[in-house]
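Here's the letter readout for the chains.
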Amino acid sequence: MTAPQPAAQPTASYGTGHTPVVELRGIRKAFGDLLANDDIDLRLRRGEVHALLGENGAGKSTLMRGLYGLVRPDAGQVLVDGRPVSITSPKDAIAAGIGMVTQHFALVAPMTVTENVMLSSVGLGPLDLAAARRQVKDAAARIGVAIDPDARVEALSIGEQQRVEILKALVHDCRVLLLDEPTAVLVPQDVDALFTTLRRLTEQGLAVLFTSHKLHEVSAICDRVTVLRRGRVVTTRDVDGAQARELAELMVGRPVTGVARDAVLGFETDEAPAARRDVDVPAKTVLRVRGLTVAGTASQGRRALFDVKLHVDAGEVLGVAGVSGNGQRELVDVLTGMREPVAGSVEVDGVDLTGAGPQRLMDAGVGRIPEDRHASVVPDLSVEDNLVMEHLDEFRRGPFVDRRKVRAHANRLIEEYAIKAGPTDTVGSLSGGNMQKVLLARVLDREPRLVIVAQPTRGLDVGATEYVQRQLLRQRERGAGVLLVSEDLDELLALSDRLVVLSEGRVAGELPVQEATPERLGLLMAGGTIEEVTA
Amino acid sequence: MIRFALRGRQPRWLLPVLAVLPIVLTYLLTAGPIRAAGANPAAAYERYVLQPLSSVDSVFEVLLTSTPLLFTGLAVAVAFRCGYWNIGADGQLLAGAVEATFFGLNVRGLPAGVAIPLVILAGAVAGVVWALVPALLRTRLGIDEVVTTLLLNPVALLLVQCLLNGPWRNPENQFPESAPIDPAYTFPRLLADHRLHLGFAIALVLAIVVGVIISRTPLGLRMRAVGRSPEAARFAGIRVERTMLGAALGSGAIAGIGGVSQVAGLQGQLTGGISDGFGYTGVVVATLATLSVTGVVFVSVLLADIIVGAESAVRVLQLPPQMGDVVTATLMLCVVAVLVLRRYKLVVRFPAALHRSRSRPGLGEDAA
């Protein structure tokens, strides 16, 4: 029985002549009813950077984790240098010369760089730390980065930690490096540094496979790209000949349109951001935050937020940028009533709401859509119950819940927000996009004066992302103020009128969107000051 | 090779299968032990399940036996629904029983129309008091209630024994039992010629009230939200601690009334064996009922059926009295095991088929 050849015809022309360093044949992996990888064929050549491009949920990570032995594919074959190998654990993968940097780093924070690198190869005998340090230094020299082998990992920046992960792979003489969403956690400057590193590695003959859903990264660094959609290979082709828009359409499976979409998907767009502020609402301030200070956890130091000052006007989207963990979560927690600040004030429409809980904030017209959807809706309860959860008292008749009213309310919102679910389905059974729509419907239906929203499109597919972003822009047109926290710079630049950058719990700077470039934001996110940036 | 795979959606046939399969499994699993004990499994099951339901009189006996289980099962279900793991229904029931006895011994001369509501209220308050400290520790300080409620059970039992061996020792015969309570407090019988008493009716009314509260009122919806996802409930503006405290105390009150029902309805006095582990059986009842109120009623009666049947199986078939417990325990294990099928499906693959369907060897297959 031979493998049915998928649509990846272009590979045939490369495959002949020399053996690919890694070849995947017919990889299949199902999680329950979900087919994450469906008969995937892939060839990785020496010295190339190969991108796995696809939307969230297209099966990129699963494929990579299967290759590294973190998940076990249900069927299929892996060939390394033309010989079939069996990879059932990362140990097998390392032995076969495959290294991987996972999305969430596997580093032990209080240990040094050398200790972390050696951790995966310690045996029972005595440790030769001096030799280990040399190895780490050699490997660092190989990729041309300076790194102190004795630095404790917790003291390193995210970009540096990622380098440590790469070193871990290199120390094991890997010939194939797998990177799962390597740029998701990096500021733009670190992305550039990473790409430089990758180029050096490929010059030395390594093959690099990395996953991304950002097209501009693919065109910046990759030689070839394989597009996945719903677990299947759509195509594999050279990056040079591929148009960004064309790839996007392959990724999504339909023509891509829309205002926000272009920028979000990473097309070069010249849609003048200035033109976006077209609503002439007199700038009335709906949210004013002054001197906001929030106590931090042990790992963050004493303050998670320090002396934060910002405001949101009616009819404006204020974007809050920053590398994750720089106080965004705490800011959202305070503004959604889930955490009390130790100092400072929060005013909504001129009314002091410092330390107010969810109920008072809702009564004041604050709509809250935080990043953790599972902690905002009750997954085990039905769509209709979740939709009324914040205002149960408006849906009662005598002492009872007015079921008819609840149902009618649910049906109306399901229709209005195009939620693909019935009113009695449990929210936990919905896709991320539909779950987010339930939350959006619950909040936006009340026409809040101020919307606090964090990572609204994380984990959503392109269609749902587009929908959610449009809804947020509609709030702005309606005259509400929107505070948007996101780690997706493209999203921030596409939706915001004004941006503030949080760095280590402080406002590092504020820019109107016309002056905000990824580079400037990156500098601020990395700890630069506004003077340095605009100088 | 058998594997568990996550279910995408529950198929329609699943629910009836989930109800029937544990019963079949229990029969298959216990047939061996029953055979070994010298009885015919089919005959034993006839005794356990059918015999008690075969006459009007024994049906009432089953309902009488189910009464304390109804109270504790309801109490546990209410608390569990709200995410409060009250394992202390036994202690709360004993507290109610002690309170009922206190009134029955010391507050004499009231007319029954006053005495009975009073003693019910007093028992509920006693259950609440016994539940209060763990509930406050949990909602104020986050101290795990499983441990605190559980550990208060033996404390309540020791209190009962202390009273029975001390101030309340029966003055007539010096047995460690209380004197009979004032007849004004005694629950009336529901029927002239059977022991089934008012307690059963109270339990049923409570079941209906609790069922309506949980499924039809905003309070019930809040309780369920708190139980399923406290963070999301808090986010939606629900006062999680207050709701949970309310459920915990309500649970204690129901168990406390159960204690009153045992003293004033059945025994007419306080004895050391007033609770036959009813609080713990309540956890079993609530779990088997998957915390649904109708389920609690059904399971209480089913377990009572087996308990009554086990007594007759001892007499008629000479089966050891523990065999009833074996059957109940096996049933519980089977139900819990089968409940896994709600979220997972079994994927069975035979090695031969494996080779045929996948000719290509490779990744991760050698173990298969």
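Fair warning: this is a prediction, and the values are worked out from it, not measured in the lab.

Some thoughts on the overall build of chain B
Looking only at helices and strands, chain B has 14 helices and two strands in total. Looking at the 368 residues of chain B, the share that counts as buried comes to 49%. Taking the contacts inside chain B whose residues are at least 6 apart along the sequence as the reference set, 75% of them involve residues at least 24 apart. When the accessible surface of chain B is split by element, carbon and sulfur atoms take 67% of a total near 16,900 Å².

Some words on the overall build of chain A
What chain A contains, in helices and strands, is 19 helices and 22 strands. Looking at the 535 residues of chain A, the share that counts as buried comes to 55%. By element, 49% of the accessible surface of chain A is carried by carbon and sulfur atoms, the whole surface being about 22,400 Å².

Concerning the pattern of salt bridges
One side chain can pair with another of opposite charge once the charged atoms of both are near each other. Residues and elements named next belong to chain A. With the rule as written, the count across this model stands at 34 salt bridges over all chains. Put simply, E384 and R403 hold a salt bridge, and the shortest N to O gap is 3.5 Å. Taken as a pair, E384 in helix α13 (residues 383-388) and R403 in helix α14 (residues 403-416) lie far apart in primary sequence, 19 residues in all. E384 sits in the buried class, given a relative accessible area of 5%. As a salt-bridge pair, E384 and R407 come within 2.6 Å of each other at their nearest N and O atoms. With E384 in helix α13 and R407 in helix α14, this pair connects stretches of sequence that are 23 residues apart. Judged by relative accessible area, R407 falls into the partly exposed class, the value being 33%. It is possible to trace a salt-bridge network through shared partners that takes in E384, D385, R403 and R407.

Brief notes about the packing of helix α7 (residues 198-216) of chain B against helix α10 (residues 240-267) of chain B
Residues and elements named next belong to chain B. Viewed as axis vectors pointing N to C, α7 and α10 meet at an angle of 165°, and their least axial separation amounts to 10 Å. Comparing their axes, α10 and α7 come out roughly antiparallel. Between α7 and α10 lies a crossing of left-handed hand. Contacts from G199, I202, L206 and V210 of α7 reach α10 at I254, I257 and S261.

A short note on the sheet that holds strand β7 (residues 176-179) of chain A
All names here are of chain A. If you walk across this open sheet you meet the six strands as β6-β7-β8-β3-β9-β10, and the pairing is mixed. Each edge of the open sheet carries a strand with a single partner, namely β6 (98-101) and β10 (232-238). Strand after strand, the sheet turns through a mean of 20° between neighbouring axes, direction not considered. Judged from the six bridges that link them, strand β9 (residues 224-229) and β10 form a sheet pairing that is antiparallel. Considered in β10, the bridge of L228 is made with V233.

A word on the confidence of the model for chain B
For chain B, the mean per-residue pLDDT works out to 89, and 93% of the residues sit at or above 70. Between residues 353-368 of chain B, whose pLDDT stays under 50, and residues either more than four places distant or in other chains, the model counts 37 contacts.

Some remarks on the environment of R329(A)
Looking at the element boundaries, R329(A) is found in helix α11 (residues 328-335). Each C-alpha atom, one on R329(A) and one on E371(A), is 8.4 Å from the other, the two residues being 42 residues apart in sequence.

Points about α14(A)
Residue and element names in this part refer to chain A. The end-to-end C-alpha separation of α14 is 20 Å, in line with the 20 Å expected for 14 residues at 1.5 Å each. Residues of α14 that are buried sit in contact with α13, β18 (400-401) and α15 (432-444). Where α14 terminates, the next one or two residues include A418, which has phi positive at roughly 50°.

Remarks on the packing of aromatic side chains
Tallied over the entire structure, the rule returns five aromatic pairs over all chains. When the centroid spacing of 5.9 Å and the interplanar angle of 80° are considered together, the rings of F102(B) and F103(B) count as edge-to-face. Given a relative accessible area of 14%, F103(B) falls into the buried group. Members of the aromatic cluster, joined through ring pairs, are Y27(B), Y45(B) and Y48(B). Here R368(A) stacks its cationic end above the ring of F235(B), 3.9 Å away from the centre of that ring.

Digging into the nonpolar core
Ranked by size, the top nonpolar core spans 96 residues in total, and within it M389(A), L74(B), V119(B), F187(B), I254(B) and L270(B) carry the most contacts. Considering every element that reaches this core, the biggest residue donor is α10(B), with 13 residues. Not counting residues within four places of it along the chain, the set of residues in contact with M389(A) comprises L381(A), R442(A), L221(B), A225(B), A236(B) and I238(B).

Considering the packing of helix α8 (residues 218-228) of chain B against α10(B)
Residues and elements named next belong to chain B. One can describe the packing of α8 onto α10 by two numbers: an axis separation of 10 Å at closest approach and a directional angle of 105°. Judged by the angle between their axes, α8 and α10 are roughly perpendicular. Along its contact with α8, which presents R222, M223 and V226, the element α10 presents V240, T243, M244 and A247.

A word on a nonpolar patch on the surface
A cluster of nonpolar residues, W13(B), V17(B), V20(B), L21(B), V24(B), L25(B), Y27(B), L28(B) and L29(B), forms a patch on the protein surface that exposes about 780 Å² of accessible area. In this fold, W13(B) is placed in the loop between β1 (2-6) and α1 (14-36).

A look at the confidence of the model for chain A
Residues and elements named next belong to chain A. With 87% of its residues at a pLDDT of 70 or more, chain A has an overall mean of 83. Low pLDDT, under 50, characterises residues 1-17; the predicted model gives this stretch 17 contacts beyond four residues in sequence or across chains. Overall, residues 256-279 carries pLDDT values under 50, and its contacts beyond four positions in sequence, including any with other chains, amount to 50 contacts.

Quick look at the pairing of strand β11 (residues 285-295) of chain A
Across seven bridges, β11(A) lies against strand β12 (residues 303-313) of chain A in antiparallel orientation. Within the sheet, the bridge partner assigned to L287(A) lies in β12(A) and is V312(A).

Examining helix α2 (residues 60-67) of chain A
Counting along an α-helix, one turn takes 3.6 residues, and residues three or four places apart therefore face a common direction. Counting buried positions over the eight residues of α2(A) gives six, a clear majority of the element. Every buried residue of α2(A) is accounted for by K60(A), T62(A), L63(A), M64(A), G66(A) and L67(A).

Comments concerning the environment of R458(A)
Residues and elements named next belong to chain A. Along the chain, the position of R458 falls in the loop between β19 (450-454) and α16 (462-478). R458 gets classed as partly exposed once you look at its relative accessible area, which sits at 41%. Considering only alpha carbons, one finds R458 and D488, 30 residues apart in sequence, at a separation of 8.6 Å.

Description of the sheet that holds β12(A)
All names here are of chain A. Spatial strand order, β12-β11-β14-β15: four strands in an open sheet with antiparallel pairing. Pairing within the sheet leaves two strands with one partner each, and these edge strands are β12 and β15 (351-352). Note: strand β14 (residues 343-348) against β15, two bridges, orientation antiparallel. Paired with E347 across the strands is D352, a residue of β15. Its contacts with the sheet place α11 against β11, β12 and β14, and it is angled at close to 120° to β11.

Some remarks on unusual backbone geometry
Residue and element names in this part refer to chain A. One non-glycine residue with positive phi stands out, namely R230, at about 45°. Positive phi, close to 55°, is recorded for D349, a residue that is not glycine. Since its relative accessible area comes to 28%, D349 is described here as partly exposed.

Quick look at the pairing of β7(A)
All names here are of chain A. Going residue by residue along β7, you find V176 and L178 tucked away on one face and L177 and L179 tucked away on the opposite face as well. As paired elements, β6 and β7 share four bridges and run parallel to each other. Its bridge partner lying in β7, I98 is registered against V176. The pairing of β7 with strand β8 (residues 207-212) spans four bridges and is parallel. Bridging from a neighbouring strand, L179 pairs with F210 of β8. Where the polypeptide runs from β7 across helix α7 (residues 188-203) and back to β8, its parallel neighbour, the crossover connection is right-handed.

Conventions adopted
- Numbers given to residues run from 1 along each chain, matching the order in which its sequence is written.
- Each chain takes a letter, starting from A, and each ligand takes a number, starting from 1, following the order in which they are written.
- Where totals are concerned, whole chains, interfaces and linings use all residues; where local detail is concerned, this predicted model gives features only for residues with pLDDT of at least 70, and gives and counts side-chain atom pairs only at 80 or more.
- Processing note: side-chain calculations cover all non-hydrogen atoms of the structure and skip hydrogens and water entirely.
- Each helix is a run of H or I in the DSSP string that is no shorter than four residues. Each strand is a run of E no shorter than two, and both are numbered from the N terminus.
- Exposed residues in this analysis have more than 50% of their type's maximum accessible area, buried residues have under 20%, and partly exposed residues fall in between, with area computed by a 1.4 Å probe over protein chains only.
- Between two residues, a contact is recorded if the distance between any of their heavy atoms is within 4.5 Å.
- To measure how exposed things are, a 1.4 Å probe is used in the Shrake-Rupley method; for residues, cover is taken only from the protein chains shown.
- Whenever Lys or Arg places a side-chain nitrogen within 4 Å of a carboxyl oxygen from Asp or Glu, that contact is recorded as a salt bridge.
- Where helices are involved, their axes are fitted lines through C-alpha atoms of the stretch in contact, as for all axes, and angles between N-to-C directions lie from 0 to 180°.
- These descriptions rest on fixed angle ranges, namely under 35 degrees for roughly parallel, over 145 for roughly antiparallel, 65 to 115 for roughly perpendicular, and the rest for oblique.
- Should the near helix be turned counterclockwise from the far one by less than a right angle, the crossing is left-handed, whereas a clockwise turn marks it as right-handed.
- At least two DSSP bridges between two strands are needed for those strands to be called paired.
- As a per-residue measure, pLDDT tells how confident the predictor is, with possible values from 0 to 100.
- Here the expected length of a helix is defined as 1.5 Å per residue gap, with one fewer gap than residues.
- Aromatic contacts are taken between Phe, Tyr and Trp rings whose centres are within 6.5 Å, Trp giving its six-membered ring; a plane angle under 30 degrees counts as stacked, one over 60 as edge-to-face, and the others as tilted.
- Consider the ring centre and the ring normal. A charge sits over the ring if Lys NZ or Arg CZ is within 6 Å of that centre and within 35 degrees of that normal.
- We call a set of buried residues a nonpolar core when its members are Ala, Val, Leu, Ile, Met, Phe, Trp, Tyr or Cys and they connect through side-chain atoms within 4.5 Å of each other.
- Candidate patch residues must exceed 30% relative accessible area and have no salt bridge, after which like charges are joined if within 9 Å and Val, Leu, Ile, Met, Phe, Trp or Tyr side chains if within 5 Å.
- Look down the strands so they point away from you; if the path from the first strand over the helix to the second goes clockwise, the crossover is right-handed.

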